[in-house]
Amino acid sequence: MRLATWNINSVRLRVPLLQQMVAEFAPDVICLQETKTADEFFPHDDMAAMGYDHRVIWGQKSYNGVAILSRLPLTDFQKYDRCGKADCRHISVRLPDGTVLHNLYIPAGGYEADVKINPKFQHKLDFVDEMTAWWPLQPKGKKILVGDLNIAPLEHDVWDSKKMQRVVSHTPEEISRFSAMQKSVGWIDVAREFTPHDEKLYSWWSYRAADWDAADRGRRLDHIWVTPELKDRLRACITPRTMRHWKPPSDHVPVIVDFKD
DNA sequence: ATGGTCGATATTCGA
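Described below are features of the structure shown in this document. None of these values were measured; they are calculated from a predicted model. (Residues numbered from 1 in each chain as written. Chains lettered and ligands numbered in written order. Predicted model: local features only at pLDDT ≥ 70, side-chain atom pairs only at ≥ 80, totals over all residues. Heavy atoms only, no water.)

1. Some words on the packing of helix α3 (residues 119–134) against helix α4 (residues 172–184)
- At a minimum axis separation of 8 Å, α3 and α4 run at an interaxial angle of 15 degrees. Between α3 and α4, the interaxial angle falls into the category roughly parallel. Here α3 runs over α4; the crossing is left-handed. Listed contacts from α4 to F121, K124, L125, V128, D129, M131 and T132 of α3 are E173, E174, R177, F178, A180, M181 and S184. (Axes fitted to C-alpha atoms, helices over the stretch in contact; angles between N-to-C directions. Helix = DSSP H or I, 4+ residues; strand = E, 2+ residues; numbered from the N terminus. Parallel < 35°, antiparallel > 145°, perpendicular 65-115°, else oblique. Left-handed = near helix turned anticlockwise from the far one by under 90°. Contact = heavy atoms within 4.5 Å.)

2. Observations regarding the sheet that holds strand β7 (residues 100–105)
- In space, the six strands of this open sheet follow the order β5-β6-β7-β8-β10-β9, with mixed pairing throughout. Edge positions in the open sheet fall to β5 (75–79) and β9 (188–189), since each of these has one partner strand only.
- Strand direction decides the pairing type here: strand β8 (residues 143–148) and strand β10 (residues 222–226), joined by five bridges, are antiparallel. By the bridge assignment for β10, I144 is matched with V226. (Pairing = 2+ DSSP bridges.)

3. A few points about α4
- Compared with an ideal rise of 1.5 Å per residue, which puts 13 residues at 18 Å, α4 spans 18 Å between its outermost C-alpha atoms and is within 8% of the ideal.
- Buried positions along α4 lie against α3 and β10.
- Immediately beyond the C-terminal end of α4, within one or two residues, lies G186, with a positive phi of roughly 70 degrees. (Expected span 1.5 Å × (residues − 1).)

4. Description of the packing of aromatic side chains
- Evaluation of the coordinates by the stated rule reveals seven aromatic pairs.
- Measuring from centroid to centroid gives 5.1 Å for F178 and W225, while their planes differ by 70 degrees, and the two rings are edge-to-face. Note that F178 is positioned in helix α4 and W225 in strand β10, a separation of 47 residues in sequence. Both residues of the pair, F178 and W225, belong to the buried class.
- Taken together, the ring pairs connect Y80, W134, W135, F178, W187 and W225 into an aromatic cluster.
- One Lys or Arg, R71, reaches over the ring of Y52 and ends 4.5 Å from the middle of that ring.
- Over the ring of W159 we find R217; its NZ or CZ atom is 4.0 Å from the centre of that ring. (Phe/Tyr/Trp six-rings, centres within 6.5 Å; stacked < 30°, edge-to-face > 60°. Buried < 20%, exposed > 50% of the residue type's maximum accessible area, 1.4 Å probe, protein only. Lys NZ or Arg CZ within 6 Å of the ring centre and 35° of its normal.)

5. Re the environment of W212
- Position of W212 among the secondary structure elements: in helix α6 (residues 212–215).
- Counting along the chain gives 32 residues from W212 to R244, while the straight-line C-alpha distance between them is 9.1 Å.
- Setting aside chain neighbours within four positions, we find W212 in contact with W205, S206, R217, R241, R244 and H245.

Right, here's the structure in full:
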């Protein structure tokens, strides 16, 4: 099984890019974030035409929104309010082998890394804390967590860790919470199983850079985690940087994992 | 030290 996660930054605008992605990588399951559309406008026909007959979506006008497209049957679709908001950031399904797949879009957290003046940063920290407490309450068994987690935890998940200490996505406050969530049920960071920790690895580059490729001030914000039962089934994981060159690009590229059957 | 760009939408907000 091949599984992709991608912050697509408007699913309606980027149907052609999704088609190109499917032509090149042919994932069996695709998890999307920031679909940015109400469910009634979701481009179901385009997805069905690519063979994704099984789809679950949870979107709203303009902001956030998550979706799972699959060639495999999906059951037990659930939507989760987080931090008391029904803001379309977390859904889950069960795959045919029983694995529960969670698709998350953690809040970006605004600009100032200071909860006293930035409620969005507080929301982000609260969201991660809520998830940390929630995972151990879930039934035991195989789980996959994917999504735009909006935190780059490791030194080489950002272009300059020292310079980014007070930049939202790489602050100690976020990273300590991120680590606590990871430890909650022993989540395995799949991309770093295949790319050494001392090697730079990014999934996002700002739209604002004059030349994102040359500047290469990226961050690894998008993640695939699995519970330990699935570790032996991991075969490969790629983050296709080349997709950041496709037009018109999302500011994120997918992370794609292959599982042994 | 500053400003730079997107997308959805409405002339601003969130990233």
